[in-house]
Amino acid sequence: MEKRYYTKYESMSREDFKRWQWKTLKEQIDYSYAHSGLCQRQFKQARITPDDIKTPEDFANKVPFTTKQDLLADQKERPPFGTRLSVPEKEVIQTFLTSGTSGKGQEVHTFTRADWEAFYDIVSMIYYLSGWVPGDRTMNPLPLGTTIAAPTHYLGPLKLGCEVFNLGTYDTKTKLDYMQRFNLTCIFATPAYLETLTAEAENMGISPAKDLKVRKILTAIQAYPVSFIHKIEDKWNAKVYDYYGSTQYAEGSTCEKGAVQGEQRGFYHLYEHVSYLEILNPETGKPAEPGEFGEVVTTPLNRKASPYLRFKLLDRARYFPHNACDCGRPFSLAEAGTVSRYDDMMKIKGVNIWPETIDELVFTKDETYEYQGRVFISDDRKEKAEIVVEFKPGIAAEVRPKVLAKIADDIRDRTGIGFDVKEAKQPLPHAVFKVRRWTDERAKGLEKKA
Ligand SMILES: [Zn+2]
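Residues numbered from 1 in each chain as written. Predicted model: local features only at pLDDT ≥ 70, side-chain atom pairs only at ≥ 80, totals over all residues.

Caption draft 1: Quick peek at the overall build of the protein chain. Broken down by element type, the protein chain carries 13 helices and 22 strands. Relative to a compact globule of 450 residues, whose C-alpha radius of gyration would be 22 Å, the protein chain shows 23 Å and is just as compact. Overall, the protein chain is about 70 × 55 × 45 Å in size when its C-alpha atoms are taken along their principal axes. Taking all 450 residues of the protein chain together, the buried fraction comes to 43%. Excluding contacts between residues fewer than 6 apart, the proportion of contacts in the protein chain whose partners are at least 24 apart in sequence is 67%. (Helix = DSSP H or I, 4+ residues; strand = E, 2+ residues; numbered from the N terminus. Rg over C-alpha atoms; globule rule 2.2 N^0.38 Å. Buried ≥ 20, exposed ≤ 12 C-beta atoms within 10 Å, placed from the backbone. Contact = placed C-beta atoms within 7 Å.)

This is the structure in C-alpha coordinates:
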(Lines give C-alpha, C1' and ligand atoms only; values in the text may rest on other atoms or scores of the structure.)
Protein backbone atom coordinates (compact mmCIF):
# COMPACT_ATOMS: atom_id res chain seq x y z
CA MET A 1 0.00 0.00 0.00
CA GLU A 2 1.26 3.48 -0.77
CA LYS A 3 2.05 5.85 2.08
CA ARG A 4 -0.82 8.17 2.97
CA TYR A 5 -0.84 10.68 5.79
CA TYR A 6 -4.06 11.42 7.65
CA THR A 7 -2.77 14.47 9.55
CA LYS A 8 -0.22 17.23 9.10
CA TYR A 9 1.63 15.92 12.16
CA GLU A 10 2.76 12.75 10.39
CA SER A 11 4.97 14.66 7.96
CA MET A 12 6.66 16.82 10.63
CA SER A 13 10.22 16.23 11.75
CA ARG A 14 10.49 14.70 15.21
CA GLU A 15 11.96 17.97 16.55
CA ASP A 16 9.18 20.16 15.16
CA PHE A 17 6.57 17.70 16.29
CA LYS A 18 7.92 17.50 19.85
CA ARG A 19 8.01 21.31 20.02
CA TRP A 20 4.36 21.52 18.97
CA GLN A 21 3.43 18.71 21.36
CA TRP A 22 5.09 20.35 24.35
CA LYS A 23 3.29 23.62 23.71
CA THR A 24 -0.02 21.76 23.48
CA LEU A 25 0.71 19.79 26.65
CA LYS A 26 1.46 23.02 28.54
CA GLU A 27 -1.93 24.38 27.47
CA GLN A 28 -3.60 21.18 28.64
CA ILE A 29 -1.86 21.40 32.04
CA ASP A 30 -3.02 25.01 32.46
CA TYR A 31 -6.55 24.08 31.41
CA SER A 32 -6.73 21.08 33.76
CA TYR A 33 -5.41 23.05 36.72
CA ALA A 34 -7.89 25.86 36.06
CA HIS A 35 -10.96 23.59 35.76
CA SER A 36 -10.45 20.15 37.29
CA GLY A 37 -10.88 19.65 41.05
CA LEU A 38 -8.97 16.38 40.76
CA CYS A 39 -5.99 18.10 39.12
CA GLN A 40 -6.01 20.91 41.71
CA ARG A 41 -5.91 18.35 44.56
CA GLN A 42 -3.10 16.40 42.92
CA PHE A 43 -1.00 19.53 42.38
CA LYS A 44 -1.64 20.70 45.95
CA GLN A 45 -0.49 17.35 47.33
CA ALA A 46 2.62 17.47 45.15
CA ARG A 47 3.13 21.14 46.16
CA ILE A 48 3.35 22.34 42.60
CA THR A 49 1.52 24.74 40.29
CA PRO A 50 1.62 24.82 36.49
CA ASP A 51 4.40 27.44 36.77
CA ASP A 52 6.70 24.73 38.11
CA ILE A 53 6.36 22.71 34.90
CA LYS A 54 8.74 24.44 32.52
CA THR A 55 10.26 21.48 30.67
CA PRO A 56 9.33 17.91 29.72
CA GLU A 57 11.71 16.83 32.50
CA ASP A 58 9.69 18.84 35.03
CA PHE A 59 6.57 17.15 33.75
CA ALA A 60 8.11 13.68 34.15
CA ASN A 61 9.62 14.38 37.57
CA LYS A 62 7.00 16.54 39.27
CA VAL A 63 3.52 15.80 37.93
CA PRO A 64 1.86 12.96 39.87
CA PHE A 65 0.35 9.95 38.14
CA THR A 66 -3.40 9.43 37.95
CA THR A 67 -4.67 5.90 38.59
CA LYS A 68 -7.95 4.11 38.05
CA GLN A 69 -8.49 4.32 41.82
CA ASP A 70 -8.05 8.11 41.67
CA LEU A 71 -10.77 8.37 39.01
CA LEU A 72 -13.14 6.12 40.97
CA ALA A 73 -12.56 8.03 44.23
CA ASP A 74 -13.13 11.28 42.35
CA GLN A 75 -16.47 9.98 41.02
CA LYS A 76 -17.48 8.99 44.53
CA GLU A 77 -16.67 12.44 45.80
CA ARG A 78 -18.96 14.10 43.28
CA PRO A 79 -21.24 11.62 41.47
CA PRO A 80 -21.61 10.80 38.72
CA PHE A 81 -18.82 12.59 36.80
CA GLY A 82 -16.33 13.53 39.53
CA THR A 83 -14.65 16.80 40.36
CA ARG A 84 -12.66 16.40 37.14
CA LEU A 85 -15.70 17.49 35.13
CA SER A 86 -14.35 20.72 33.70
CA VAL A 87 -17.27 22.01 31.64
CA PRO A 88 -20.93 22.81 32.49
CA GLU A 89 -22.90 19.53 32.56
CA LYS A 90 -25.04 20.61 29.63
CA GLU A 91 -21.96 20.57 27.38
CA VAL A 92 -21.48 16.85 27.95
CA ILE A 93 -22.92 15.05 24.93
CA GLN A 94 -21.49 11.57 25.50
CA THR A 95 -20.66 9.55 28.58
CA PHE A 96 -18.91 6.20 28.37
CA LEU A 97 -17.99 3.70 31.05
CA THR A 98 -15.05 1.37 31.00
CA SER A 99 -16.08 -2.22 30.44
CA GLY A 100 -16.34 -5.04 32.96
CA THR A 101 -18.62 -4.40 35.91
CA SER A 102 -16.36 -5.56 38.65
CA GLY A 103 -15.19 -5.08 42.18
CA LYS A 104 -12.74 -2.60 40.70
CA GLY A 105 -15.50 -0.34 39.43
CA GLN A 106 -16.09 1.43 36.18
CA GLU A 107 -14.54 4.73 35.20
CA VAL A 108 -16.87 7.39 33.85
CA HIS A 109 -15.55 9.32 30.85
CA THR A 110 -17.38 12.37 29.55
CA PHE A 111 -17.06 14.12 26.22
CA THR A 112 -18.04 17.51 24.87
CA ARG A 113 -19.05 17.59 21.23
CA ALA A 114 -15.50 18.57 20.26
CA ASP A 115 -13.99 15.84 22.50
CA TRP A 116 -16.26 13.24 20.96
CA GLU A 117 -15.65 14.28 17.37
CA ALA A 118 -11.92 14.24 18.08
CA PHE A 119 -12.20 10.77 19.58
CA TYR A 120 -13.84 9.05 16.68
CA ASP A 121 -11.61 10.98 14.30
CA ILE A 122 -8.77 9.04 15.92
CA VAL A 123 -10.55 5.86 14.90
CA SER A 124 -10.97 7.24 11.38
CA MET A 125 -7.20 7.68 11.37
CA ILE A 126 -6.69 4.07 12.49
CA TYR A 127 -8.81 2.87 9.56
CA TYR A 128 -7.14 5.30 7.16
CA LEU A 129 -3.67 4.08 8.06
CA SER A 130 -4.98 0.55 7.60
CA GLY A 131 -5.86 1.33 4.00
CA TRP A 132 -9.63 1.81 4.21
CA VAL A 133 -10.81 4.10 1.37
CA PRO A 134 -14.15 5.60 0.29
CA GLY A 135 -16.25 2.89 -1.26
CA ASP A 136 -14.95 0.17 1.04
CA ARG A 137 -17.62 -1.81 2.82
CA THR A 138 -16.78 -2.84 6.33
CA MET A 139 -18.19 -4.68 9.33
CA ASN A 140 -18.46 -3.30 12.85
CA PRO A 141 -18.81 -6.48 14.96
CA LEU A 142 -19.42 -4.69 18.29
CA PRO A 143 -22.93 -4.19 19.72
CA LEU A 144 -23.79 -0.68 20.94
CA GLY A 145 -23.74 -0.20 24.69
CA THR A 146 -22.18 2.14 27.23
CA THR A 147 -18.59 1.43 26.27
CA ILE A 148 -16.79 3.54 23.71
CA ALA A 149 -15.51 1.05 21.15
CA ALA A 150 -18.74 0.16 19.29
CA PRO A 151 -19.81 3.66 18.20
CA THR A 152 -16.27 4.61 17.20
CA HIS A 153 -16.01 1.55 14.95
CA TYR A 154 -19.22 2.72 13.31
CA LEU A 155 -18.52 6.46 13.01
CA GLY A 156 -14.76 6.16 12.40
CA PRO A 157 -14.91 4.36 9.04
CA LEU A 158 -18.17 6.12 8.10
CA LYS A 159 -16.36 9.46 8.32
CA LEU A 160 -13.83 8.17 5.78
CA GLY A 161 -16.60 7.47 3.30
CA CYS A 162 -16.80 3.73 3.92
CA GLU A 163 -20.09 1.91 4.21
CA VAL A 164 -20.42 0.29 7.62
CA PHE A 165 -22.57 -2.75 8.40
CA ASN A 166 -23.26 -2.84 12.14
CA LEU A 167 -23.41 -6.58 12.74
CA GLY A 168 -22.73 -6.60 16.48
CA THR A 169 -25.97 -8.31 17.40
CA TYR A 170 -25.71 -11.12 14.83
CA ASP A 171 -24.10 -14.51 15.19
CA THR A 172 -20.98 -15.54 13.31
CA LYS A 173 -22.82 -17.32 10.51
CA THR A 174 -24.99 -14.29 9.82
CA LYS A 175 -21.96 -12.03 9.77
CA LEU A 176 -20.38 -14.28 7.14
CA ASP A 177 -23.63 -14.23 5.16
CA TYR A 178 -23.50 -10.43 5.11
CA MET A 179 -19.85 -10.47 4.08
CA GLN A 180 -20.70 -12.66 1.12
CA ARG A 181 -24.02 -11.10 0.14
CA PHE A 182 -22.83 -7.47 0.27
CA ASN A 183 -19.24 -8.09 -0.83
CA LEU A 184 -17.64 -6.53 2.23
CA THR A 185 -14.10 -5.47 1.41
CA CYS A 186 -12.75 -5.09 4.92
CA ILE A 187 -13.56 -6.17 8.46
CA PHE A 188 -12.58 -5.44 12.03
CA ALA A 189 -12.28 -8.34 14.52
CA THR A 190 -10.12 -9.38 17.49
CA PRO A 191 -7.57 -12.15 16.85
CA ALA A 192 -9.71 -14.72 18.67
CA TYR A 193 -12.76 -13.70 16.69
CA LEU A 194 -10.84 -13.89 13.40
CA GLU A 195 -10.09 -17.47 14.34
CA THR A 196 -13.80 -18.11 14.96
CA LEU A 197 -14.82 -16.44 11.68
CA THR A 198 -12.29 -18.51 9.77
CA ALA A 199 -13.43 -21.80 11.30
CA GLU A 200 -17.11 -20.99 10.81
CA ALA A 201 -16.53 -19.98 7.17
CA GLU A 202 -14.83 -23.32 6.56
CA ASN A 203 -17.74 -25.13 8.26
CA MET A 204 -20.10 -23.36 5.90
CA GLY A 205 -17.98 -24.39 2.90
CA ILE A 206 -16.81 -20.82 2.32
CA SER A 207 -13.18 -20.16 1.43
CA PRO A 208 -12.58 -16.59 2.66
CA ALA A 209 -9.79 -16.13 0.10
CA LYS A 210 -11.86 -17.34 -2.87
CA ASP A 211 -15.49 -16.71 -1.95
CA LEU A 212 -15.23 -13.41 -0.04
CA LYS A 213 -13.95 -10.00 -1.14
CA VAL A 214 -12.40 -9.06 2.22
CA ARG A 215 -8.86 -7.84 1.50
CA LYS A 216 -8.13 -5.68 4.54
CA ILE A 217 -8.53 -6.81 8.13
CA LEU A 218 -8.12 -4.63 11.20
CA THR A 219 -7.48 -6.38 14.48
CA ALA A 220 -6.81 -5.24 18.07
CA ILE A 221 -6.95 -5.97 21.80
CA GLN A 222 -5.07 -9.28 22.05
CA ALA A 223 -1.48 -10.41 21.72
CA TYR A 224 -0.80 -12.98 18.98
CA PRO A 225 2.06 -14.98 17.48
CA VAL A 226 3.45 -13.86 14.09
CA SER A 227 2.41 -17.21 12.61
CA PHE A 228 -1.22 -16.40 13.38
CA ILE A 229 -1.14 -13.32 11.14
CA HIS A 230 0.48 -15.38 8.35
CA LYS A 231 -2.29 -17.93 8.67
CA ILE A 232 -5.08 -15.33 8.54
CA GLU A 233 -3.47 -13.48 5.63
CA ASP A 234 -3.20 -16.75 3.68
CA LYS A 235 -6.69 -17.99 4.45
CA TRP A 236 -8.34 -14.65 3.65
CA ASN A 237 -5.95 -13.41 0.95
CA ALA A 238 -5.99 -10.19 2.96
CA LYS A 239 -3.56 -7.89 4.72
CA VAL A 240 -3.88 -7.62 8.51
CA TYR A 241 -3.43 -4.30 10.34
CA ASP A 242 -3.54 -3.80 14.07
CA TYR A 243 -4.17 -1.00 16.52
CA TYR A 244 -3.72 -0.25 20.18
CA GLY A 245 -6.43 1.76 21.88
CA SER A 246 -8.16 2.60 25.12
CA THR A 247 -11.05 4.64 26.48
CA GLN A 248 -8.47 6.76 28.31
CA TYR A 249 -6.95 8.07 25.10
CA ALA A 250 -3.85 6.10 24.37
CA GLU A 251 -3.97 5.18 20.73
CA GLY A 252 -1.76 4.00 17.94
CA SER A 253 -1.89 1.85 14.84
CA THR A 254 0.31 -0.03 12.45
CA CYS A 255 1.16 1.88 9.26
CA GLU A 256 0.99 0.72 5.63
CA LYS A 257 3.32 -2.13 6.53
CA GLY A 258 0.66 -3.87 8.60
CA ALA A 259 0.82 -6.14 11.65
CA VAL A 260 3.72 -8.25 10.37
CA GLN A 261 6.21 -8.08 7.51
CA GLY A 262 7.70 -11.48 6.85
CA GLU A 263 8.84 -12.68 10.26
CA GLN A 264 9.05 -9.13 11.62
CA ARG A 265 6.34 -7.67 13.81
CA GLY A 266 5.02 -4.25 12.80
CA PHE A 267 4.80 -1.22 15.07
CA TYR A 268 1.99 0.76 16.60
CA HIS A 269 2.73 4.36 15.64
CA LEU A 270 1.56 6.03 18.82
CA TYR A 271 -0.84 8.89 18.17
CA GLU A 272 1.20 11.42 20.07
CA HIS A 273 -0.67 14.29 18.47
CA VAL A 274 -3.75 13.42 20.54
CA SER A 275 -2.03 12.27 23.76
CA TYR A 276 1.27 12.87 25.45
CA LEU A 277 2.38 9.24 25.83
CA GLU A 278 5.13 7.86 28.02
CA ILE A 279 6.38 4.27 28.18
CA LEU A 280 8.11 3.95 31.53
CA ASN A 281 10.28 1.26 33.04
CA PRO A 282 8.17 0.22 36.05
CA GLU A 283 11.22 -0.31 38.26
CA THR A 284 13.06 2.93 37.61
CA GLY A 285 10.17 5.13 36.47
CA LYS A 286 12.46 6.31 33.65
CA PRO A 287 11.53 6.10 29.95
CA ALA A 288 11.96 2.58 28.59
CA GLU A 289 15.03 2.03 26.39
CA PRO A 290 14.56 0.90 22.76
CA GLY A 291 13.40 -2.71 22.77
CA GLU A 292 12.48 -2.62 26.47
CA PHE A 293 8.99 -3.23 27.84
CA GLY A 294 7.43 -0.50 29.93
CA GLU A 295 4.15 0.81 31.25
CA VAL A 296 2.03 3.07 29.05
CA VAL A 297 1.10 6.40 30.68
CA THR A 298 -1.17 8.82 28.85
CA THR A 299 -2.09 12.49 29.08
CA PRO A 300 -4.90 13.31 26.65
CA LEU A 301 -4.34 16.61 24.83
CA ASN A 302 -7.04 19.14 23.91
CA ARG A 303 -9.44 17.32 26.16
CA LYS A 304 -12.12 19.54 27.68
CA ALA A 305 -14.85 17.56 29.49
CA SER A 306 -12.84 15.34 31.86
CA PRO A 307 -9.12 15.95 31.59
CA TYR A 308 -6.49 14.11 33.59
CA LEU A 309 -2.72 14.01 33.57
CA ARG A 310 -0.40 11.00 33.40
CA PHE A 311 -2.96 8.21 33.61
CA LYS A 312 -1.38 4.83 34.35
CA LEU A 313 -2.97 2.30 31.99
CA LEU A 314 -1.14 -0.73 33.42
CA ASP A 315 -0.59 -1.85 29.82
CA ARG A 316 2.84 -3.35 29.20
CA ALA A 317 4.23 -2.39 25.79
CA ARG A 318 7.59 -2.72 24.05
CA TYR A 319 9.02 0.69 23.18
CA PHE A 320 10.93 1.64 20.02
CA PRO A 321 11.95 5.13 18.81
CA HIS A 322 10.08 6.72 15.88
CA ASN A 323 12.80 5.92 13.33
CA ALA A 324 12.70 2.15 13.94
CA CYS A 325 10.02 2.20 11.19
CA ASP A 326 11.11 3.84 7.96
CA CYS A 327 7.71 5.29 7.01
CA GLY A 328 8.86 8.67 8.31
CA ARG A 329 6.15 9.43 10.84
CA PRO A 330 7.59 11.24 13.87
CA PHE A 331 5.61 9.25 16.43
CA SER A 332 7.18 6.90 18.99
CA LEU A 333 6.52 3.21 18.43
CA ALA A 334 5.35 0.18 20.36
CA GLU A 335 5.71 -3.33 19.00
CA ALA A 336 2.48 -4.69 17.52
CA GLY A 337 0.91 -7.82 18.96
CA THR A 338 2.85 -8.03 22.22
CA VAL A 339 0.96 -5.73 24.60
CA SER A 340 0.05 -7.37 27.90
CA ARG A 341 -0.92 -6.24 31.41
CA TYR A 342 0.91 -5.40 34.61
CA ASP A 343 -2.11 -6.35 36.71
CA ASP A 344 -4.13 -9.53 36.28
CA MET A 345 -6.98 -7.99 34.34
CA MET A 346 -8.02 -10.16 31.41
CA LYS A 347 -9.70 -9.00 28.23
CA ILE A 348 -12.16 -11.77 27.45
CA LYS A 349 -14.19 -11.32 24.28
CA GLY A 350 -13.15 -7.69 24.42
CA VAL A 351 -14.52 -7.15 27.93
CA ASN A 352 -12.28 -6.27 30.87
CA ILE A 353 -12.56 -8.96 33.54
CA TRP A 354 -10.73 -8.93 36.87
CA PRO A 355 -10.20 -12.27 38.63
CA GLU A 356 -11.52 -10.66 41.82
CA THR A 357 -14.95 -10.44 40.21
CA ILE A 358 -15.02 -14.17 39.55
CA ASP A 359 -13.53 -14.88 43.01
CA GLU A 360 -16.41 -13.00 44.58
CA LEU A 361 -19.10 -14.79 42.57
CA VAL A 362 -17.61 -18.22 43.23
CA PHE A 363 -16.69 -17.88 46.90
CA THR A 364 -19.96 -16.30 48.01
CA LYS A 365 -21.53 -19.73 47.41
CA ASP A 366 -21.38 -21.75 50.65
CA GLU A 367 -20.66 -24.99 48.80
CA THR A 368 -17.52 -23.99 46.91
CA TYR A 369 -14.03 -24.60 48.17
CA GLU A 370 -11.66 -23.62 45.33
CA TYR A 371 -11.68 -22.95 41.62
CA GLN A 372 -9.39 -22.54 38.64
CA GLY A 373 -10.02 -20.67 35.42
CA ARG A 374 -8.62 -20.65 31.95
CA VAL A 375 -9.16 -18.71 28.75
CA PHE A 376 -8.43 -20.60 25.56
CA ILE A 377 -9.30 -21.27 21.93
CA SER A 378 -11.57 -24.30 21.74
CA ASP A 379 -11.29 -27.13 19.22
CA ASP A 380 -14.03 -25.47 17.18
CA ARG A 381 -11.88 -22.30 17.17
CA LYS A 382 -13.90 -20.17 19.57
CA GLU A 383 -12.65 -17.98 22.39
CA LYS A 384 -13.76 -19.69 25.60
CA ALA A 385 -13.58 -18.97 29.30
CA GLU A 386 -13.95 -21.91 31.62
CA ILE A 387 -13.81 -22.41 35.36
CA VAL A 388 -13.64 -25.68 37.26
CA VAL A 389 -14.99 -25.66 40.80
CA GLU A 390 -14.02 -27.87 43.71
CA PHE A 391 -16.76 -28.42 46.27
CA LYS A 392 -16.34 -28.57 50.03
CA PRO A 393 -16.39 -32.09 51.45
CA GLY A 394 -19.87 -33.44 52.09
CA ILE A 395 -21.74 -31.40 49.49
CA ALA A 396 -24.39 -33.71 48.11
CA ALA A 397 -24.07 -34.78 44.47
CA GLU A 398 -27.56 -33.55 43.56
CA VAL A 399 -26.85 -30.01 44.84
CA ARG A 400 -23.70 -29.55 42.77
CA PRO A 401 -25.17 -28.96 39.28
CA LYS A 402 -27.44 -26.26 40.72
CA VAL A 403 -24.50 -24.46 42.29
CA LEU A 404 -22.53 -24.65 39.04
CA ALA A 405 -25.48 -23.28 37.07
CA LYS A 406 -25.96 -20.47 39.59
CA ILE A 407 -22.29 -19.48 39.30
CA ALA A 408 -22.55 -19.43 35.50
CA ASP A 409 -25.71 -17.27 35.67
CA ASP A 410 -24.14 -14.86 38.14
CA ILE A 411 -21.03 -14.45 36.00
CA ARG A 412 -23.13 -13.80 32.91
CA ASP A 413 -25.28 -11.27 34.77
CA ARG A 414 -22.26 -9.42 36.09
CA THR A 415 -19.95 -9.48 33.08
CA GLY A 416 -22.15 -10.17 30.09
CA ILE A 417 -19.86 -13.07 29.19
CA GLY A 418 -20.80 -16.75 29.15
CA PHE A 419 -18.36 -18.97 31.08
CA ASP A 420 -18.37 -22.75 31.06
CA VAL A 421 -18.60 -23.80 34.71
CA LYS A 422 -17.72 -27.40 35.53
CA GLU A 423 -16.90 -29.51 38.53
CA ALA A 424 -13.21 -30.24 39.08
CA LYS A 425 -12.36 -33.89 38.45
CA GLN A 426 -9.63 -33.85 41.09
CA PRO A 427 -8.67 -31.67 44.06
CA LEU A 428 -7.25 -28.29 43.00
CA PRO A 429 -4.02 -26.81 44.34
CA HIS A 430 -4.54 -24.63 47.40
CA ALA A 431 -1.99 -22.02 48.31
CA VAL A 432 -1.58 -19.95 51.41
CA PHE A 433 -0.47 -16.84 49.56
CA LYS A 434 -2.37 -15.07 46.82
CA VAL A 435 -3.28 -17.83 44.44
CA ARG A 436 -2.87 -17.41 40.74
CA ARG A 437 -5.99 -19.17 39.60
CA TRP A 438 -6.03 -18.21 35.92
CA THR A 439 -4.19 -19.32 32.83
CA ASP A 440 -4.45 -17.68 29.42
CA GLU A 441 -3.82 -20.18 26.63
CA ARG A 442 -5.20 -18.08 23.79
CA ALA A 443 -1.96 -17.08 22.08
CA LYS A 444 -0.94 -20.75 22.04
CA GLY A 445 -4.37 -21.63 20.63
CA LEU A 446 -3.97 -19.12 17.79
CA GLU A 447 -0.64 -20.67 16.85
CA LYS A 448 -2.17 -24.04 16.04
CA LYS A 449 -3.03 -24.59 12.42
CA ALA A 450 -6.77 -24.93 12.04
ZN1 LIG B 1 5.61 2.98 9.83
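Caption draft 2: Spatial organisation of the sheet that holds strand β22 (residues 438-440). Spatially, 4 strands are ordered β21-β20-β19-β22 in an open sheet, and the strand pairing comes out mixed. The outermost strands of the open sheet, each flanked by one partner alone, are β21 (420-423) and β22. For this sheet, the mean inter-axis angle between neighbouring strands, taken without regard to orientation, is 20°. Of the strand pairs in this sheet, strand β19 (residues 368-377) and strand β20 (residues 383-391) are connected by 9 bridges, and their pairing is antiparallel. Among the inter-strand pairings, Glu370 is bridged to a residue of β20, identified as Glu390. (Pairing = 2+ DSSP bridges. Axes fitted to C-alpha atoms, helices over the stretch in contact; angles between N-to-C directions.)

Caption draft 3: Here's a closer look at helix α12 (residues 400-415). Spanning 16 residues, α12 covers 23 Å between terminal C-alpha atoms, matching the ideal 22 Å at 1.5 Å per step. Looking only at α12, the buried set comprises Leu404, Ile407, Ile411 and Thr415. Relative to the axis of α12, the buried residues are bounded by an arc of 60° and lie together on one face. Exposed and facing more than 90 degrees away from the buried side of α12 are Pro401, Lys402, Ala405 and Asp413. At its buried positions, α12 is contacted by β18 (351-353), α11 (355-363), β20 and β21. Looking at the residues trailing α12, positive phi occurs at Gly416, about 80°. (Expected span 1.5 Å × (residues − 1). Arc of directions from axis to C-beta.)

Caption draft 4: Representation of the nonpolar core. Ile122, Ile187, Val214, Ile217, Tyr268 and Ala334 are the most contacted members of the largest nonpolar core, which totals 84 residues. Sort the elements by how many residues they give to this core and helix α5 (residues 113-129) lands first, with 10 residues. Setting aside chain neighbours within four positions, we find Ile122 in contact with Glu251, Tyr271 and Val274. In terms of nonpolar packing, the next biggest core, distinct from the first, is built from 15 residues, Ile353, Val389, Ile407 and Ile411 among them. (Core = buried A, V, L, I, M, F, W, Y, C linked by C-beta atoms within 7 Å.)

Caption draft 5: Structural context of the packing of α5 against helix α6 (residues 149-159). Put simply, α5 and α6 touch, their axes get as near as 7 Å, and they point 65° apart. Judged by the twist between their axes, the crossing of α5 over α6 is right-handed. For the pair α5 and α6, the contacting residues are Phe119, Tyr120, Asp121, Val123, Ser124, Ile126 and Tyr127 in the first and Thr152, His153, Leu155, Gly156, Pro157 and Lys159 in the second. (Left-handed = near helix turned anticlockwise from the far one by under 90°.)

Caption draft 6: View of α11. Of all the residues in α11, the buried ones are Thr357, Ile358, Leu361 and Val362. In an axial view of α11, the angular spread of the buried residues amounts to 125°, which keeps them on one side of the axis. Looking at the buried residues of α11, the elements they touch are β18, β19, β20 and α12.

Caption draft 7: Geometry of the pairing of β21. Examined bridge by bridge, β20 and β21 share 4 bridges and lie parallel to one another. For Ile387, the partnering residue across the bridge sits in β21 and is Val421. The parallel pair β20 and β21, bridged by α12, forms a crossover whose chirality is right-handed. (Right-handed = clockwise from strand over helix to strand, strands pointing away.)

Caption draft 8: Quick look at the pairing of strand β7 (residues 239-244). Among the 6 residues of β7, 6 are classified as buried, and the element is accordingly described as predominantly covered. Burial of β7 is two-sided: the residues Lys239, Tyr241 and Tyr243 facing one way and the residues Val240, Asp242 and Tyr244 facing the other way are all buried. Relative to β7, strand β6 (residues 216-220) runs parallel, the two sharing 5 bridges. Looking across to β7, one finds that Lys216 is bridged to Lys239. A crossover connection joins β6 to the parallel β7 through helix α10 (residues 226-236); in handedness this β-α-β unit is right-handed. As paired strands, β7 and strand β8 (residues 252-253) are joined by 2 bridges and run antiparallel to one another. Pairing of Tyr243 across the sheet is with Ser253, part of β8.

Caption draft 9: Seen up close, the packing of helix α7 (residues 172-181) against helix α8 (residues 191-203). Axis separation between α7 and α8 bottoms out at 10 Å; the angle between their running directions is 75°. As the angle between them shows, α7 and α8 are arranged roughly perpendicular. The residues of α8 that touch α7, namely those facing Thr172, Lys173 and Leu176, are Thr196, Leu197, Glu200 and Ala201. Each residue belonging to the contact of α7 with α8 can be placed in one class, and the counts come to 3 nonpolar, 2 polar and 2 charged. (Parallel < 35°, antiparallel > 145°, perpendicular 65-115°, else oblique. Nonpolar A, V, L, I, M, F, W, Y, C, P; charged D, E, K, R; others polar.)

Caption draft 10: Broad picture of the environment of Tyr268. Along the chain, the position of Tyr268 falls in strand β11 (residues 267-270). Sequence-wise, Tyr268 and Leu428 are 160 residues apart; in three dimensions their C-alpha atoms are separated by 40 Å. Residues in contact with Tyr268, not counting those within four places in the same chain, are Tyr243, Tyr244, Gly252, Ser253, Thr254, Leu333, Ala334 and Ala336.

Caption draft 11: How the structure looks around unusual backbone geometry. Of the consecutive residues Pro79 and Pro80, the connecting peptide bond is found in the cis state with omega at -5°. Note that Pro80 resides in the loop between α4 (68-77) and β1 (94-97). Although it is not a glycine, Arg47 adopts a positive phi angle of roughly 55°. Its 8 C-beta neighbours within 10 Å are what place Arg47 among the exposed residues. Here the phi dihedral of Tyr249 falls at roughly 75°; this positive angle occurs in a residue that is not glycine. Counting through the fold element by element, Tyr249 comes out in the loop between β7 and β8.

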